[in-house]
Amino acid sequence: MEAAKKEKISVDDEAVDKNIFKNCSNIAFYRRQKKQLSKKSTCRAVLDSVTTGKDSTSFQIINKATKIPLLAEVYGLEGNIFRLKINEESPLKPRYEVRDVLTSKLSTVRLISCSGDKGSLVLADGKGDLKFHVTADPFKVDLVSEEDIVMSVNSLGQLYFEHLQISPKQRATKENEDDASVDTSQQENQNDMGLWEEKFGKFVDIKANGPASIGLDFSLHGFEHLYGIPQHAESHQLKNTGDGDAYRLYNLDVYGYKIHDKMGIYGSVPYLLAHKLGRTLGIFWLNASETLVEVNTEPTVEYTLTQMGSVAAKQKVRSRADVHWMSESGIIDVFLLMGPTPSDVFRQYSHLTGTQAMPPLFSLGYHQCRWNYEDEQDVKAVDAGFDEHDIPYDVMWLDIEHTEGKRYFTWDKKRFPNPKRMQELLRSKTRKLVVISDPHVKVDPDYSVYAKAKEQGFFVRNREGRDLEGVCWPGLCSYLDFTNPKVREWYSGLFAFPVYQGSTDILFIWNDMNEPSVFRGPELTMQKNAIHHGNWEHRELHNIYGFYQQMATAEGLIRRSKGKERPFVLTRSFFAGSQKYGAVWTGDNRSDWSYLKISIPMLLTLSVTGISFCGADVGGFIGNPEAELLVRWYQAGAYQPFFRGHATMKTKRREPWLFGEEHTRLIRDAIRERYALLPYWYSLFYRAHKTAEPIMRPLWVEFPNELETFGIEDEYMLGSALLVHPVTEPKAAVVDVFLPGSDEVWYDSKTFAHWEGACTVKIPVALDTIPVFQRGGSVVAVKTTVGKSTGWMTESPYGLRVALSSQGSAVGELYLDDGHSFQYCHQNQFLNRKFLFCSGVLINSCADERGRYPSKCVVEQILVLGLRKQPSSVTTHSSGEESSHSYLIICSCKHRHISREEMISPKADAMCLPEAQLTRAFWWSQAY
């Protein structure tokens, strides 16, 4: 490692041969489980051992081969959730259990033991709608809803639990010489199965605790469509896996990852959803070690049993999906979310892991990033370029080159001699700055962050007990142990303004390389036998390392403002619950049409697993996009939650105005449309924060009873009102868009043409077109003028886009607060308005009486789509400034036609409403 102190580290250290990453055949615990399970050993539940406590019911499970008892605990949780924990009854030492992910002490529901036969145990919730039916021999669990078995546990007999053992060397010293020789004769098998040592390439993983893997199967009855378990560059709907082809959950730095592949990349959420007509379920496997998931779905089939004359007797076999979870270590701790609707499952998961953090408004604008903007003059020129070309943006980003030799919390004195002055320039335009902070710390005794962390023992240790050292961007590094609460508290303090010299309150943070990435380490990450706080091996908690860094960073930004301001933290690595701390992106993608296309299912999968604030690097991080691809990517990114352009070093500059006047105009239009929709975006984030509704939704979420939607992944809903179909093919002239819902009406957001639902329509797509449709029955709030940034638009007028349903009605909401502080929750300083259009009357009412927030904004424009007749008059009514309701009445008359000029400039002045005003202009579109 001495050479690494002087050796120059480059992108080549990250862009390595993909053969350095494992496949299933290289993973010892996978091989062991597959081999052992082929022998069909079974387990039985010892129902004589059942004990009932205040919160749980427990019983023993015995493997018939090993005779070693396991302890199973069953919990009923509020909101139709079961929790099943299986651990060793008497382990040699405690096994790792994931901490800090679950939101708080969970509210339990006492399960009532119902009558069952001699060989079974039936537990029911208080309502009796759900039952947890345990069969003793062989051990199996059926989850029953209204007498229908919807899920079975261990019906395939794949419960697997490797008990902690004394190492062979320790056993040899305790046994006589003959017995020790028996252990020696078994050495070949131990090496082959990776029990105590596991080799991969030049690396040897020495396992202090030996084999400790776990596994369990789940059968989902009547289900064919499964989703979730990010992060993979794969389709939204999970595919069947064959031998050696499991979905891998293991956080890795995979530069330019391969698409349509089940290998693990930057983050892991061990949470899977199943959906069928009439029911949605969830399985949350709370384990932070390396995890593999096998999926097998069997569709509904009909078998011909007999043939008698011309009549064939048939038997219908219901579809089933089998899911097999395997983890390297820890315990079995699984939450079974019983739905029954998609929104119920989202809510249930949020009760466990939390909802999406409410972001500051600026973070919903456009972000401009590059590895790297060279210096303060470069930042100033790029910032001015946006203004010169009339393109709004909110955040400038600085990558690792802004620091003094890759030392985080410092500034390069030559390139960025006056960082506060640079930030004041951005502040003057109400813009922000984001800088990078990775988890590795340069080994340098003169670097205060390193010196203080080393002095306090805050680094991850190697198996010999010394600080672990590995190679990353600064050269030789040590890695902060974010699993230690004291380390997180100390790290949070580094963001204080007196400590982080040159920082201001407009500076926010980007956590990268936090899988963690260790160049020249096994699979470019940390050795599994590294030691963390509590003497836990890294293998136990690998997937949660980045989660802890983002947690500490978010807490640091909150602390520096004395708890007043919302943080913004982007992380590359993540785990279940990361949504509580900020945003996530899809990592180092490529400038290729296929990566634009795969970004949609990748983001949909993140969205349904709780992480709503997600996005992909616009234009692709690696490579040089052609102008058409860049335009299409901006159009797609404008309708995705996190919207950032980014590129690696040595690529051509690609600021939006560098591709010719016409392409500049198209990119400008895409970004400006994003800013016009900010009121809708912000309202969606509030709903995600409060009710766990995803922002970017696969069609099956919004149309759960329409089978045609279950496999669609090239279009999606933005909230419940907008359907978006990005163009992801080069030189496309027409795209096929599926418009769901036989009772729905859909309006083209650009031309206002309308279609009935439940059909596929061909939409012409010139380069200035991205198909976006507003759903009939919705009201979407917009800004009618767009400024340089979100801060410039605080008092810009609102518009309402009212799209009428086939019944002539529409409903929508607008959420508003100060956009940056926690006063919306601490002091109820917010405004939540509801808009209802029915029988020609648009009613503006209060959706949440607790909220109080003054606003000078007016609603100056209302666009109504789908009116049957041309209006003859438009009038407004209000009960006074203190009233919570206001009305806009549209009258139709066969004998009088009002001119367009009268529509735009009605004689009545704007009427005052509580915290808002209505209306200065009225537009309409007649349905034909």
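Residues numbered from 1 in each chain as written. Predicted model: local features only at pLDDT ≥ 70, side-chain atom pairs only at ≥ 80, totals over all residues. Heavy atoms only, no water.

Engineer: Mind showing me how you'd approach the overall build of the chain here?
Structural biologist: Of regular secondary structure, the chain possesses 19 helices and 55 strands. On C-alpha atoms alone, the chain measures out to a radius of gyration of 29 Å, which is about the 30 Å that the 2.2 N^0.38 rule sets for 928 residues. Projected onto its principal axes, the C-alpha positions of the chain cover 105 × 85 × 55 Å. By residue count, 61% of the 928 residues in the chain fall in the buried class. Put simply, 71% of the contacts in the chain that link residues at least 6 apart link residues at least 24 apart. A total of about 35,900 Å² of accessible surface is found on the chain, and carbon and sulfur atoms cover 50% of it. Averaging the positions of the 108 positive and the 116 negative side-chain charges in the chain gives two centres separated by 2 Å. (Helix = DSSP H or I, 4+ residues; strand = E, 2+ residues; numbered from the N terminus. Rg over C-alpha atoms; globule rule 2.2 N^0.38 Å. Buried < 20%, exposed > 50% of the residue type's maximum accessible area, 1.4 Å probe, protein only. Contact = heavy atoms within 4.5 Å. Areas by Shrake-Rupley, 256 points an atom, 1.4 Å probe, with all protein chains shown as cover. Lys, Arg positive; Asp, Glu negative; His and termini not counted. Charge placed at Lys NZ, Arg CZ, Asp CG, Glu CD.)

Engineer: Which parts of the structure should I look at to understand the packing of helix H14 (residues 627-637) against helix H15 (residues 661-676)?
Structural biologist: Think of two packed helices as two axes; the pair is described by the angle between the axes and how far apart they sit. Put simply, H14 and H15 touch, their axes get as near as 8 Å, and they point 10° apart. Of the possible angle classes, the one that applies to H14 and H15 is roughly parallel. When H14 is examined against H15, the residues Ala627, Leu630, Val631, Tyr634, Gln635 and Gly637 are found in contact with a partner set consisting of His663, Leu666, Ile667, Ala670, Ile671 and Arg674. Tallied by class, residues from the contact of H14 with H15 come to 8 nonpolar, 3 polar and 1 charged. (Axes fitted to C-alpha atoms, helices over the stretch in contact; angles between N-to-C directions. Parallel < 35°, antiparallel > 145°, perpendicular 65-115°, else oblique. Nonpolar A, V, L, I, M, F, W, Y, C, P; charged D, E, K, R; others polar.)

Engineer: Which parts of the structure should I look at to understand the environment of Tyr479?
Structural biologist: Structurally, Tyr479 is set in strand E29 (residues 475-479). Judged by its relative accessible area of 0%, Tyr479 falls in the buried class. Separated by 10 residues in sequence, Tyr479 and Glu469 have C-alpha atoms that sit 7.4 Å apart.

Engineer: What's the story with the sheet that holds E29 in this structure? I'm lost.
Structural biologist: Two pairing modes exist for strands in a sheet, parallel and antiparallel, and in both the strands are linked by backbone hydrogen bonds. On the basis of which strands lie adjacent, the open sheet formed by 3 strands has the order E27-E29-E28 and antiparallel pairing. The open sheet terminates on both sides in strands that have one partner only, identified here as strand E27 (440-442) and strand E28 (469-472). Averaged over all adjacent pairs, the angle separating strand axes in this sheet is 55°, with direction ignored. (Pairing = 2+ DSSP bridges.)

Engineer: Explanation requested: helix H7 (residues 376-388) in the structure shown.
Structural biologist: Because each turn of an α-helix spans 3.6 residues, side chains separated by three or four positions in sequence point in the same direction. Here H7 contains 13 residues, and its C-alpha end-to-end distance of 18 Å stays within 8% of the 18 Å for a straight helix at 1.5 Å per residue. The complete set of buried residues in H7 reads Glu376, Asp378, Val379, Val382, Asp383, Gly385 and Phe386. Those residues of H7 that are buried are in contact with strand E24 (367-368), strand E25 (395-398) and helix H8 (419-428). Residue Asp375 occupies the N-cap position of H7, its side-chain oxygen lying 3.1 Å from the main-chain nitrogen of Gln377. Looking one or two residues past H7, Asp390 carries a phi angle of roughly 55°, positive in sign. (Expected span 1.5 Å × (residues − 1). Polar contact = N/O pair within 3.5 Å; in protein donor to acceptor, adjacent residues only side chain to side chain.)

Engineer: Please clarify how the environment of Pro694 should be interpreted in this entry.
Structural biologist: With respect to the helices and strands, Pro694 occurs in the loop between helix H16 (678-691) and strand E37 (696-697). Once the C-alpha coordinates of Pro694 and Leu143 are considered, the two residues, 551 residues apart in sequence, prove to be 27 Å apart. Beyond its immediate chain neighbours, meaning those up to four positions away, Pro694 contacts Phe346, Ser607 and Ser612.

Engineer: Would you mind going over the nonpolar core with me for this structure?
Structural biologist: One finds Leu480 and Phe568 to be the most contacted residues of the largest nonpolar core, which totals 177 residues. Per-element accounting of this core gives the leading share, 10 residues, to helix H13 (residues 593-608). Other than its neighbours up to four places away in sequence, Phe568 contacts Pro360, Phe362, Ser363, His367, Trp397, Val434, Phe508, Ile509, Leu557, Ala583, Phe613 and Phe642. Counting residues in hydrophobic clusters, the runner-up holds 50 residues, among them Leu47, Leu70, Phe82 and Leu220. (Core = buried A, V, L, I, M, F, W, Y, C linked by side-chain atoms within 4.5 Å.)

Engineer: Hey, could you run me through the pattern of salt bridges in this one?
Structural biologist: Should their charged atoms come close, side chains of opposite charge can pair. Within the structure shown, the criterion is met by 59 salt bridges. As a salt-bridge pair, Arg572 and Asp512 come within 3.2 Å of each other at their nearest N and O atoms. Residue Arg572 is found in the loop between strand E33 (569-571) and strand E34 (583-585), and its partner Asp512 is found in the loop between strand E30 (507-511) and strand E31 (531-532); the two are separated by 60 residues along the sequence. The same class applies to Arg572 and to Asp512, which are both buried. With its nearest N and O atoms 3.3 Å apart, the salt bridge here joins Glu655 to Arg653. Given a relative accessible area of 30%, Arg653 falls into the partly exposed group. (Salt bridge = Lys/Arg side-chain N within 4 Å of Asp/Glu carboxyl O.)

Engineer: Would you take a moment to explain helix H6 (residues 342-353) for this structure?
Structural biologist: With 12 residues, H6 ought to run about 16 Å at 1.5 Å a step, and its terminal C-alpha atoms sit 17 Å apart, in line with that. Here H6 lies mainly inside the structure; 9 of its 12 residues are buried.

Shape is all these values report; function is a separate question.
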